[in-house]
Amino acid sequence: MKKYLLLFCLMALVQVAFASTDPIDYPLTETRVMKDSVVIEFGKSGKVVIMVESKEDFEKLKLMNINQIISELDLEENKQTGELTIVEIRKKDGSVKEVVKVYEDGLETEVNVAGVRVYVDESGENTRVKVETGGRKKSDPPFRSYFNVDLGINNYLEDGSFPTSDKPYAVKGWGSWQVGLNWMASQRISKGFHWNFGIGFQWYNFKFENRDFQAVRGEDMIEFAQRTDVDGFKSKISASYLTAMTLLELDFGKMNDSKRGLSLAVGPYVGYRLGGQSKYVYEELGGSGRKKDKEATGLYLENLRYGLRGELGVGRIKFFTTYDLNELFQEGKGPALNPITFGIVF
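Residues numbered from 1 in each chain as written. Predicted model: local features only at pLDDT ≥ 70, side-chain atom pairs only at ≥ 80, totals over all residues. Heavy atoms only, no water.

A. Fine view of the side chain of asparagine 338. You can see asparagine 338 is positioned in strand E18 (residues 338-345). Overall, the relative accessible area of 14% leaves asparagine 338 in the buried class. Looking at asparagine 338, its side chain comes within polar contact range of the main-chain oxygen of asparagine 326, at 3.2 Å. Look past the residues within four positions of asparagine 338 in its chain and what remains in contact with it is Asn155, Tyr156, Leu157, Tyr323, Asp324, Leu325, Asn326 and Glu327. (Helix = DSSP H or I, 4+ residues; strand = E, 2+ residues; numbered from the N terminus. Buried < 20%, exposed > 50% of the residue type's maximum accessible area, 1.4 Å probe, protein only. Polar contact = N/O pair within 3.5 Å; in protein donor to acceptor, adjacent residues only side chain to side chain. Contact = heavy atoms within 4.5 Å.)

Next comes the structure, spelled out in structure tokens:
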């Protein structure tokens, strides 16, 4: 495919060059016109013009095939973008004008000729060709790395439902935050289909709805003590995890060559606990200013957490949800609670 695209580019260059009258952009002189030329015609209107300096050059040209002629171009690929600059014009002021560029990625090829782009997609059963003008289309790189931030609201399920308000550990949604910092990478498997993986840090807060109860570490399990000796303002449990995750993503927008569309991703994660504590903010009866009690309840939190993560992208917005398949507390050390989070990815 590249051979025919290069021929197309050379044809386009000849058309551009002979159509222009600007001596700076296209420095064709009378001397060049007077030189011998070889015209190769193919198809109904295809034509390649090759200038030769002498009879010796012509004899050498007869011994070359089309593949060798293309290889003689000695094209250099841009390692960052994957682009090949086939033809460039150097002006008298030293500036460079790129006329023909080729970007080839597996079965997908893009040719840029003087602002006109031709896309050739041979990944399906039938070859698809599309011609565009204007700003360059952003390509879908085969591999990329990126950084994102999770911001979500936490809760947990007990026997398949959220704990009711009469439970001392019932969670108040607003204020029970999860913040995640993730370093991710994405490997393209096929058009619109990616394998995403990475590692990150997550901070969980579970803010109790009933602020009269304080989570404390008992002798052999976590306890929720009711504080009647003070006025409670805030009561919560927090934990932090180092988490690795992997997801398979389907991006329907990229599948249909649109800028933005619907995307779905799902995959497992596993995390190791770095810390955990309870925090209780209160004021003594009669008023003496707010005080804080912190207690390391991490002894009864599970050290390992694992579960499933799902993501839904709609245009520029991406939502996520996580569900822990294991319980928050060690077995027999606290209520059987499975954390669940809903949030947005930035």
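Anyway, onward from the coordinates.
B. Structural context of a positive patch on the surface. On the surface, Lys172, Arg211, Lys234, Arg290, Lys292 and Lys294 cluster together into a patch of positive charge. The element that contributes the greatest number of residues to the positive patch is strand E15 (residues 290-295), accounting for three residues. With respect to the helices, strands and loops of the structure, lysine 234 is situated in strand E13 (residues 230-251). (Patch = residues over 30% accessible without salt bridge, like charges linked within 9 Å, V, L, I, M, F, W, Y side chains within 5 Å. Areas by Shrake-Rupley, 256 points an atom, 1.4 Å probe, with all protein chains shown as cover. Salt bridge = Lys/Arg side-chain N within 4 Å of Asp/Glu carboxyl O. Lys, Arg positive; Asp, Glu negative; His and termini not counted. Charge placed at Lys NZ, Arg CZ, Asp CG, Glu CD.)

C. Region of interest: the packing of aromatic side chains. This structure, assessed with the given rule, holds eleven aromatic pairs. With a centroid separation of 4.5 Å and 40° between ring planes, the pair formed by tryptophan 195 and phenylalanine 197 is classed as tilted. Both rings, one in tyrosine 204 and one in tyrosine 241, keep their centres 5.8 Å apart while their planes meet at 85°; by these two values the pair is edge-to-face. Placement of tyrosine 204 in strand E10 (residues 193-207) and of tyrosine 241 in strand E13 is noted, with a sequence separation of 37 residues between them. Side by side, tyrosine 204 and tyrosine 241 carry an identical accessibility label, which is buried. The structure contains a cluster of three or more aromatic residues connected by ring pairs, namely Phe147, Trp183, Phe201 and Trp203. A cation over a ring is seen here: arginine 227 above tyrosine 282, with NZ or CZ 5.3 Å from the ring centre. Lying over the aromatic face of tyrosine 241, arginine 305 brings its terminal NZ or CZ to 5.0 Å of the ring centre. (Phe/Tyr/Trp six-rings, centres within 6.5 Å; stacked < 30°, edge-to-face > 60°. Lys NZ or Arg CZ within 6 Å of the ring centre and 35° of its normal.)

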